[in-house]
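# Architecture and fold: a report
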Amino acid sequence: MNTQKNVRQQAGTVEGSEALRIDSDKAEQIVDAFNTDLAASYVAYHQIRKHHWNVEGAEFLELHEYLGEVAEDLEAAADAFAERAQALGGVPISGAAKLEESAPVEPEGEDVYDIRTSLANDMEMFGDMIETMRDHIGMMEDMGDYTSAEILRRYLEDLEEHAHHFEHYLEDDTLVLDEATH
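We now turn to the structure provided with this report.

Cut-offs and rules
Residues numbered from 1 in each chain as written. Predicted model: local features only at pLDDT ≥ 70, side-chain atom pairs only at ≥ 80, totals over all residues. Heavy atoms only, no water. Patch = residues over 30% accessible without salt bridge, like charges linked within 9 Å, V, L, I, M, F, W, Y side chains within 5 Å. Areas by Shrake-Rupley, 256 points an atom, 1.4 Å probe, with all protein chains shown as cover. Salt bridge = Lys/Arg side-chain N within 4 Å of Asp/Glu carboxyl O. Lys, Arg positive; Asp, Glu negative; His and termini not counted. Charge placed at Lys NZ, Arg CZ, Asp CG, Glu CD. Helix = DSSP H or I, 4+ residues; strand = E, 2+ residues; numbered from the N terminus. Buried < 20%, exposed > 50% of the residue type's maximum accessible area, 1.4 Å probe, protein only.

### Some words on a negative patch on the surface
- Taken together, the side chains of E59, E62, E65, E69, E72, E75, D79 and E83 present a region of like negative charge at the surface.
- Inspection of the secondary structure puts E62 in helix α2 (residues 60-87).

Dropping the structure here:
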């Protein structure tokens, strides 16, 4: 590890961006919002990956593949949020401990649960993320940063779609027969 330390910008600071012409106070609030959504996305990403790795049962393949797609969407969202925070003059948060500490959602823990419980936990987490992102979109629009609001809106749509799919997976109707009922 290199011991030379040339810090270009300290974590937690916002220097602003002359090119984007967003007031530094507004930029700080918007960067904070993006860092919150970045943290939530990575916490959700790791939980979804856990479920992707551990899913079992008759619908294994479909759920395994779908959860892989959900994880990819969360990773893309996190990247977009970090890129915008940086463009606004901020420092995107990083590091597992800092991400979990900064997230407005709680991961379910390290135990492996049945897939219905896992998907219910994911749907709950996504609901919390949806509410937070909606609040952030409103704040950004009120501040006149329509580009940041549009970035969030794009990923909010994906998040809502995935939450809706989780809800469908959790419905009682299924083609898989429960042996206890026969």
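Still more to cover.
### Some remarks on the pattern of salt bridges
- Across all of its chains, the model carries six salt bridges by this definition.
- For E141, the salt bridge goes to R153, with nearest N and O atoms at 2.3 Å. With E141 in helix α4 (residues 115-142) and R153 in helix α5 (residues 146-169), this pair connects stretches of sequence that are 12 residues apart.
- By relative accessible area, R153 is classed as partly exposed at 32%.
- For the salt bridge of R153 with E150, the shortest nitrogen-to-oxygen distance reads 3.2 Å. Taken as a pair, R153 and E150 lie in helix α5 at a separation of three residues, close to a single helical turn.
- Overall, the relative accessible area of 37% leaves E150 in the partly exposed class.

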